[in-house]
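Residue strings, one per chain:
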Amino acid sequence: MARSAAFVLKVAVAVIAAGLVLPAPAAFAQGTERRMQGLALSNDEPIQIESDELKIDEGTSKATFTGNVKVVQGDTLLQAGRMVVNYDGDGGSVSSGSAQIREIELYDKVFIQADTQTATADTGNFNMLNEVLVLSGEKVVLTDAENVFIGCKLTVSMKDGQAKLDSCGGRVMIQLDPKSRPQP
């Protein structure tokens, strides 16, 4: 099924944002795994992408956005130093939105914000074929209001809703604010 570049970028942003609701059962652990539920994707809002430069290489089927990359859709914001969109070169065009995207790579300090949730990482990768998002770096920080989750690698599987925050040799740190719980 062919997906437009705009839809795929929305999916990537929505997946990243969905990864921010990662609740955890313990304050300190070697790794935290949790089922992600309710990933609601909307295909009816426009996506605006800004960068200092865009290079489309039809020979390698890559579109590279460099310098202050900013992707906005609704209340979701994604920023990075560089974003590479890898697509199938079999007739689709990334400039017209008709290319089938295989993978989106994010580099140079990734920042995602959606409503009260934010995530920061050094790099990000969204594999469209496997439907897996990975945010990684020396310190991956997820916040939801006053709740904070820190590790070095966040993996979210769109197929089954699983999310895992790894410590990469250290420990996962979680700080939960009791005031952030829903009140009866």
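It should be emphasised that the depicted structure is a prediction, and the values quoted were computed from it without experimental measurement. (Residues numbered from 1 in each chain as written. Predicted model: local features only at pLDDT ≥ 70, side-chain atom pairs only at ≥ 80, totals over all residues. Heavy atoms only, no water.)

(A) Broad picture of the overall build of the chain. In terms of regular secondary structure, the chain is built from one helix and 14 strands. For the chain, with 184 residues in total, the buried portion stands at 43%. Sequence-distant contacts in the chain: of pairs separated by 6 or more residues, those separated by 24 or more amount to 49%. When the accessible surface of the chain is totalled, it reaches about 9,500 Å², and 48% of it is carbon and sulfur. (Helix = DSSP H or I, 4+ residues; strand = E, 2+ residues; numbered from the N terminus. Buried < 20%, exposed > 50% of the residue type's maximum accessible area, 1.4 Å probe, protein only. Contact = heavy atoms within 4.5 Å. Areas by Shrake-Rupley, 256 points an atom, 1.4 Å probe, with all protein chains shown as cover.)

(B) Representation of the environment of Ala114 within the structure. Inspection of the secondary structure puts Ala114 in strand 8 (residues 110–114). Judged by relative accessible area, Ala114 falls into the buried class, the value being 9%. As a C-alpha pair, Ala114 and Gln73 span 41 residues in sequence and 9.6 Å in three-dimensional space.

(C) Structural context of the state of the cysteines. In total, this model carries one disulfide according to the counting rule given. A disulfide bridge connects Cys152 with Cys168, and the sulfur atoms are separated by 1.8 Å. In this structure the cystine formed by Cys152 and Cys168 twists about its S-S bond by roughly 120°; its chirality is therefore right-handed. Residue Cys152 is located in strand 12 (residues 147–157), and its partner Cys168 is located in the loop between strand 13 (162–166) and strand 14 (172–175); the two are separated by 16 residues in the primary sequence. (Disulfide = S-S within 2.5 Å.)

(D) Up close: the nonpolar core. Met83, Leu106, Leu135, Leu142 and Leu154 are the most contacted members of the largest nonpolar core, which totals 31 residues. When residues in this core are grouped by element, the largest group, five residues, is from strand 6 (residues 76–87). (Core = buried A, V, L, I, M, F, W, Y, C linked by side-chain atoms within 4.5 Å.)

(E) Structural detail: the packing of aromatic side chains. Inspection of every chain in the model, using the stated rule, returns zero aromatic pairs. A cation over a ring is seen here: Arg82 above Tyr107, with NZ or CZ 4.2 Å from the ring centre. (Phe/Tyr/Trp six-rings, centres within 6.5 Å; stacked < 30°, edge-to-face > 60°. Lys NZ or Arg CZ within 6 Å of the ring centre and 35° of its normal.)

(F) Molecular detail of the pattern of salt bridges. Following the criterion strictly, the structure yields three salt bridges and no others. Among the salt bridges present, the one from Arg102 reaches Asp88, with a minimum N-O distance of 3.4 Å. Taken together, the residues Arg102 in strand 7 (residues 101–107) and Asp88 in the loop between strand 6 and strand 7 connect sequence positions 14 residues apart. Note that Lys109 is salt-bridged to Asp122, the shortest N-O span being 2.8 Å. Of the two residues, Lys109 sits in the loop between strand 7 and strand 8 while Asp122 sits in the loop between strand 9 (117–121) and strand 10 (123–127), which places them 13 residues apart along the sequence. (Salt bridge = Lys/Arg side-chain N within 4 Å of Asp/Glu carboxyl O.)

(G) Geometry of the side chain of Asp177. Examined against the element boundaries, Asp177 turns out to sit in the segment after strand 14. With relative accessibility at 16%, the residue Asp177 sits in the buried group. Residue contacts for Asp177: discarding those within four places in its chain leaves Glu146 and Asn147.

(H) A look at the environment of Thr64. Considering the arrangement of structural elements, one finds Thr64 in strand 5 (residues 62–73). Excluding anything up to four places from it in sequence, Thr64 contacts Glu53, Leu54, Lys55, Arg82, Met83 and Val84.

The quantities given are spatial measurements derived from coordinates; they are silent on function.
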